[in-house]
Amino acid sequence: MYRVGIDVGGTNTDAVVLHAKKVLAGVKASTTEDVTSGVIEALEAVITASGIDRQRIAAVMIGTTHFTNAVIERRHMEEVAAIRLGLPSGAGLPPMVDWPDDVREIVGNHGYQVRGGYEFDGRELSPLDEDEIVRIAGDIRAKGLKAAAVTCVFSGINDAMEVRTKDILQQHCPGLPVVMSKDIGRHGLLARESAAIMNASLLSLADRTVAAFGKALVAAGITCPFYITQNDGTLMAADVVRAFPVLTFASGPTNSMRGAAFLTGIKDAVVVDVGGTTSDVGSLSHGFPRQASMTVDIGGVRTNFRMPDVFSIGLGGGSLVVQCDNGIVVGPKSVGYRLRQDALCFGGKTLTATDIAVASGKADVGEKAFVTSLARPLVDAAAAKINAMLEACVERSRISSTPVPVIAVGGGSILMPNRIGELDVIRPENFAVANAVGAAIAQISGETDRVFSLIDGRTRESALAVAEAEAREKAIAAGALAETLEVIEREDTPLAYLPGNATRIHVKVVGEMGGHDA
Amino acid sequence: MPEARKLKYDEAAVRTLTVEDLDALEIGAGILGTGGGGNPYQGKLLALEAMKAGYEMKVLATDQIEPDALCMSIGGIGAPVVGVERLREGREGLRCLRAMEDLIRAPIDAMVCEEIGGANAINPLVTAALGGLPILDCDGMGRAFPEMQMTTFSIYGHSSTPSVMCDLHGNVVIFSHAVSEVWHERMARACVVAQGGGAMLATAPMQAHFVHRYGIPKSYTKAIAIGEAVIKARKVQEDPIAAVCALEGGRRIFNGKITDLKRHLRGGFAVGDLELAGFDDCVGQTAGVAIQNEFLIFRRNGKVEVTVPDLIVLLDVDTGYPITTEMLRYGQRVAVLAVPCHDLLRSAQALEVVGPKAFGYPEITFSPLPPAVRQAA
């Protein structure tokens, strides 16, 4: 049986076929406005290139930037009710208080604050005002809102009020989708609430997108289940994406890092994904991207999703190389997708980073003759500048002084030197489609992140065990094989300045997808 | 106070802050936090909301108010990890102000800031705005320190009780008298746990002449100017770090990459040691920074060069944005700045409370940086 991985990027849609951990074929097609025709084109091309029987495809994994782009471009977002349980806490900072005005208007600015919530030790902050929820339900009907997001103070400690609110809303608004913040994000109310609201506003788009992907597969004669990749490098069944589109945000960098790990067999490394305009750099630890600990900005909104800690710089194959008073400047301006028309080595008129790579003998693309007239000092200075930029961001992404290899992937990775500082650079076969490979090999995860009160005989060890059991259960429910599960993150943080009873515990397990032998 | 208040200052002397001033203050207070002080972000959001509702943030020079005017300092107290989940109600500070006025049966004339570094630079501004009062252009630390007794007001003899502590539920706690500032700190910490891990605390009022004499002068003006310099330098792609140095009389003492970070617990505090390998003009040198909430001690090649209470500031080499202790990670490229603290923090009396010994380094003697050469602002 085979696995097919598809990465739907802003410019290219890549596809690969995998069999028994071997890449049989990888292709690139252009991303199309309707997305589906690009997916079908890539699918047909990769099936032809690999020569496989399409009936023997066990699963299709899709990585997509669709939902991130919807927020960045402020398109396809619905108006939603944003309900916060926690008054009097937060009275001065209403829902969406730190959003850019335009995106707040697009989701309708329907913020509600209600009495409710918990304290850090599990006490009630205020009793839930159920009458107010009933009144809001009437408002939702009157305004014709399409979804609701509910966020309760310390719902990580106790989710009862979020669950109760959802019940009341659905009782009064039958069929209304209600997103609970406890399912979306982590500790940190404003960021978790924003994520939940964004998720609610993208539910219709998610529904349409998943349906469109399904249709594209059927049109290509493929009937196996399909999955969408999450930002932590694991998979969600297509139906789950209909409920949690935000969990796909920034899955692109994750897929390329996971693909890099797979293609090289290396689990601890720095990965540099060089595109036409930018490079994304991140750290792999145990084969997974390190997660960002801070808030992450999506289209101007602060969120705290599980996101890879990726650092981007404005340096890619198409970056302009300009000589000015204080030396050579490379990027952030770029010829982007016009590289094959504009770069000198392709007969164009613009000096790009790719031309420097060709002139310095590092890469062999286009016509070397077109760049031989470049002055040697200019080429050397620009090459040194490019190396210094790459070295600075590799250093920034390292997690310790232990030397690890650097894996170069992405179409623009010809810019990478063979060594960065003291580190060796590895460029694997199929480097250009690492994204799609990362999608094809994605695993299934389960995760718990909440605050435990270590009282009534509960110890740190027993709390960690409970959290791990919860995470395993979630992973198995999502389709993971129990015998392949392993714990990849396990941390506990006592809450500072407070008596030692409250501890935040985070456990994450991953495993292979069950049901087939790819 | 409902009855008409007699102003003890000339309204023409106040500077009313703008949204841009608040953006600059957020960055400047972050820099003066010397790695600690908590994140000013939520405070700024509250200030912006108050501004939208029509309240004004008014800053007044310490010599522009009558000497006998009553001034009250205020700040947030509690666990930052609770504060990001259980947001403040927003009017805790105002309730402290009203409760204090009831307690002393006299109106407060102006507000004062305890620490200009980090989150507490903005909390008193919001209280002042809601209460219709100006905030004096000074503070009690000129930076951030972890405990209440470390203000110049306490160091120079002001007893901070009676104090008032208000939480988001509406509870009002009055500490009538503490036998020492350390006792006050200890009792307030115990109480804030019962209140759910966060509250606002207002300390006993001071007369304006005392604040003028013992406050660190022009804190708001300086913090805003520092933030403005960073924002402006970034806009025109000049070196933001040089801009900060020019304003603060500080100097860049090291350019280095973080090569190691050790964190451990000592006496209930999370402390750490940072190691740096030099680049640019510091190639071949190593440096270390000792951390306890804030950056405390800077060593070059093993030798102590800068110590608390002088300011040790770490900035991102490229953006000039401040790096707080929880953001530190391997590989970051940082500029280390040393900024002389104000003379009020350098007396023998002050060094007992905020010198190296007070932070557990009895073997290190404070050797002051040369005094600041300030440019005319």
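Residues numbered from 1 in each chain as written. Chains lettered and ligands numbered in written order. Predicted model: local features only at pLDDT ≥ 70, side-chain atom pairs only at ≥ 80, totals over all residues. Heavy atoms only, no water.

S.K.: What exactly am I supposed to notice about the overall build of chain A here?
M.R.: Across its full length, chain A carries 14 helices and 24 strands. Taken against the 2.2 N^0.38 rule, which gives 24 Å for 518 residues, the C-alpha radius of gyration of chain A at 24 Å falls within 12% of a compact globule. Each principal axis of the C-alpha atoms in chain A carries an extent, and together these give about 80 × 55 × 45 Å. Considering chain A as a whole, with its 518 residues, one finds that 55% of them fall into the buried category. By sequence separation, contacts in chain A at least 24 residues apart represent 66% of the contacts at least 6 residues apart. Looking at chain A as shown, the accessible area adds up to about 20,000 Å², and 50% of this sits on carbon and sulfur atoms. Taken as two groups, the 49 positive and 60 negative side-chain charges of chain A have centres that lie 2 Å from each other. (Helix = DSSP H or I, 4+ residues; strand = E, 2+ residues; numbered from the N terminus. Rg over C-alpha atoms; globule rule 2.2 N^0.38 Å. Buried < 20%, exposed > 50% of the residue type's maximum accessible area, 1.4 Å probe, protein only. Contact = heavy atoms within 4.5 Å. Areas by Shrake-Rupley, 256 points an atom, 1.4 Å probe, with all protein chains shown as cover. Lys, Arg positive; Asp, Glu negative; His and termini not counted. Charge placed at Lys NZ, Arg CZ, Asp CG, Glu CD.)

S.K.: So what exactly am I meant to see when it comes to the UniProt feature "domain: Hydantoinase/oxoprolinase N-terminal" (unreviewed entry) in chain A here?
M.R.: Residues given the UniProt feature "domain: Hydantoinase/oxoprolinase N-terminal" (unreviewed entry) here are residues 3–173 of chain A. End C-alpha to end C-alpha, residues 3–173 of chain A measures 41 Å, and it is 32% helix and 30% strand. (UniProt positions renumbered as here; feature names shortened; annotations may be inferred.)

S.K.: Help me understand the domain arrangement of chain A, please; the structure alone is not making it clear to me.
M.R.: Interfaces are often sized by the accessible area lost when the parts come together. Residues and elements named next belong to chain A. Parsing chain A into structural domains produces domain 1 (80–195), domain 2 (266–433) and domain 3 (443–513). Measuring from the centre of the C-alpha atoms in domain 1 to the corresponding centre in domain 3 gives 26 Å. Both faces considered, domain 1 and domain 3 share a buried interface measuring about 680 Å² in area, 60% of it formed by carbon and sulfur atoms. Of all residues in domain 1, F120, R186 and H187 give up the largest surface area on contact with domain 3, accounting jointly for 63% of the area buried on that side. At the boundary of domain 1 with domain 3, the tally comes to 0 salt bridges. If you look at where domain 1 meets domain 3, you find 0 residue pairs in polar contact (both at pLDDT 80 or more). Grouping the amino acids of the side of domain 1 that touches domain 3 by side-chain chemistry returns 2 nonpolar, 2 polar and 2 charged. (Domains from an automatic or database assignment. Buried area = accessible area lost by both parts, 1.4 Å probe. Salt bridge = Lys/Arg side-chain N within 4 Å of Asp/Glu carboxyl O. Polar contact = N/O pair within 3.5 Å; in protein donor to acceptor, adjacent residues only side chain to side chain. Nonpolar A, V, L, I, M, F, W, Y, C, P; charged D, E, K, R; others polar.)

S.K.: Before we go on, may I ask you to explain the domain arrangement of chain B in this structure?
M.R.: All names here are of chain B. What the domain assignment reports for chain B is domain 1 (11–219) and domain 2 (243–359). Here domain 1 and domain 2 have C-alpha centroids that lie 26 Å from each other. Taken together, the contact pairs 26 residues of domain 1 with 28 residues of domain 2. Here domain 1 and domain 2 share 0 salt bridges between them. Where domain 1 packs against domain 2, one counts 8 residue pairs in polar contact (both at pLDDT 80 or more). Sorting the residues of the side of domain 1 that touches domain 2 by element identifies α1 (19–32), α6 (152–155), α8 (208–214) and β10 (216–217) as the ones contributing at least two each. The greatest single-element share of the side of domain 1 that touches domain 2, amounting to 4 residues, is contributed by α1. In terms of residue class, the side of domain 1 that touches domain 2 is made up of 13 nonpolar, 10 polar and 3 charged.

S.K.: Where do I start with the packing of aromatic side chains in this structure?
M.R.: Geometry of an aromatic ring pair is reported as the spacing of the ring centres plus the angle between the planes. Residue and element names in this part refer to chain B. Summed over all chains, the structure comprises 4 aromatic pairs over all chains. Three or more aromatic residues link up through ring pairs in this structure, and these residues are Y156, F210 and Y214. Positioned above the aromatic ring of F279, the side-chain terminus of R333 is 4.5 Å from the ring centre. (Phe/Tyr/Trp six-rings, centres within 6.5 Å; stacked < 30°, edge-to-face > 60°. Lys NZ or Arg CZ within 6 Å of the ring centre and 35° of its normal.)

S.K.: Honestly, the UniProt feature "domain: S-Me-THD N-terminal" (unreviewed entry) in chain B in this entry has me stumped. Any pointers?
M.R.: Under the UniProt annotation, the feature "domain: S-Me-THD N-terminal" (unreviewed entry) is placed at residues 20–176 of chain B. Each end of residues 20–176 of chain B is marked by a C-alpha atom, and these two atoms are 40 Å apart; helix forms 35% of the span and strand 19%.

S.K.: What is the right way to read the interface of chain B and chain A from this model?
M.R.: Taken together, the contact between chain B and chain A spans 34 residues of the former and 40 residues of the latter. Between chain B and chain A we count 4 salt bridges in total. For R396 of chain A, the salt bridge identified is with D316 of chain B, shortest N-O distance 3.9 Å. Between the two partners, chain B and chain A, sit 15 residue pairs in polar contact (both at pLDDT 80 or more). Counting residues per element, the side of chain B that touches chain A draws most heavily on helix α2 (residues 41–52) of chain B, at 5 residues. Split into classes, the residues belonging to the side of chain B that touches chain A amount to 15 nonpolar, 8 polar and 11 charged.

S.K.: Would you take a moment to explain the sheet that holds strand β7 (residues 147–152) of chain A for this structure?
M.R.: Paired through backbone hydrogen bonds, the strands of a sheet run either parallel or antiparallel to each other. All names here are of chain A. Read from one edge to the other, the open sheet built from 4 strands follows the order β6-β5-β7-β8, with strand pairing classed as parallel. Pairing within the sheet leaves two strands with one partner each, and these edge strands are β6 (110–115) and β8 (178–180). With strand direction ignored, the average angle separating the axes of adjacent strands in the sheet is 20°. Direction of pairing for strand β5 (residues 80–87) relative to β7: parallel, over a ladder of 6 bridges. Within the sheet, the bridge partner assigned to A82 lies in β7 and is A149. In the packing of helix α4 (residues 130–143) onto the sheet, the strands contacted are β5, β6 and β7, and the crossing angle to β6 comes to about 165°. Contacting β5, β7 and β8, helix α5 (residues 160–172) runs over the sheet at an angle of about 155° to β7. (Pairing = 2+ DSSP bridges. Axes fitted to C-alpha atoms, helices over the stretch in contact; angles between N-to-C directions.)

S.K.: Help me out: how do you make sense of the confidence of the model for chain B in this one?
M.R.: The predicted structure's coordinates, where accompanied by low pLDDT, should not be read in detail. Of the residues in chain B, 95% reach a pLDDT of 70 or more, and the chain-wide mean stands at 91. The ipTM value of the predicted complex is 0.88, and its pTM value is 0.86. (pLDDT = per-residue confidence, 0-100.)

S.K.: Mind showing me how you'd approach the pairing of strand β9 (residues 226–229) of chain A here?
M.R.: Remember that side chains alternate between the two faces of the sheet whenever the strand is regular. Residues and elements named next belong to chain A. Across the two faces of β9 the burial is the same, with F226 and I228 and Y227 and T229 all buried. Sheet topology places strand β4 (residues 57–64) next to β9; 3 bridges connect them, and they run parallel. Looking at the pairing, I62 lines up with I228 of β9. By the bridge criterion, 3 bridges tie β9 to strand β10 (residues 235–237) in an arrangement that is antiparallel. Within β10, the residue paired with Y227 across the bridge is A237. Hairpin connection from β9 to β10: 5 residues lie between these consecutive antiparallel strands, with G233 at a positive phi of about 85°.

S.K.: Please explain the sheet that holds strand β2 (residues 12–19) of chain A as it appears in this structure.
M.R.: All names here are of chain A. Taken together, the 6 strands give an open sheet; going across it, the order is β3-β2-β1-β4-β9-β10, and neighbouring strands pair in mixed fashion. The strands lining the two open edges of the sheet, one partner per strand, are β3 (22–30) and β10. Strand-to-strand, the axes of this sheet are offset by a mean angle of 25°, without reference to chain direction. Together, β1 (2–8), β2, β3 and β4 form the strand contacts of helix α1 (residues 36–50), whose direction differs from that of β3 by roughly 145°.

S.K.: Where do I start with the side chain of K257 of chain B in this structure?
M.R.: For K257 of chain B, the location among the structural elements is in strand β11 (residues 251–266). K257 of chain B gets classed as buried once you look at its relative accessible area, which sits at 16%. Among the polar contacts listed, one links the side chain of K257 of chain B to the side chain of E395 of chain A, at a separation of 2.2 Å. Residues in contact with K257 of chain B, not counting those within four places in the same chain, are E395 and R398 of chain A together with E275, L276, A277, F279, Y330, G331, Q332 and R333 of chain B.

S.K.: I keep staring at the pattern of salt bridges and nothing clicks. Help me out?
M.R.: If charged atoms from side chains of opposite charge come close, those side chains can pair. Following the criterion strictly, the structure yields 39 salt bridges over all chains and no others. For K182 of chain A, the salt bridge is made with D159 of chain A, and the minimal N-O distance between the two is 3.3 Å. Of this pair, K182 of chain A sits in the loop between β8 and α6 (189–201) while D159 of chain A sits in the loop between β7 and α5, placing them 23 residues apart in sequence. On the basis of relative accessibility, which here comes to 31%, the residue K182 of chain A falls in the partly exposed class. The salt bridge involving E26 of chain B is made with K44 of chain B; its shortest N-O contact spans 2.8 Å. Here E26 of chain B is found in helix α1, whereas its partner K44 of chain B is found in helix α2, with 18 residues between them in sequence. Summarising the burial analysis for this pair, E26 of chain B and K44 of chain B share the class buried. Taken together, the shared-partner salt bridges connect E395, R398 and E422 of chain A together with K257 of chain B into one network.

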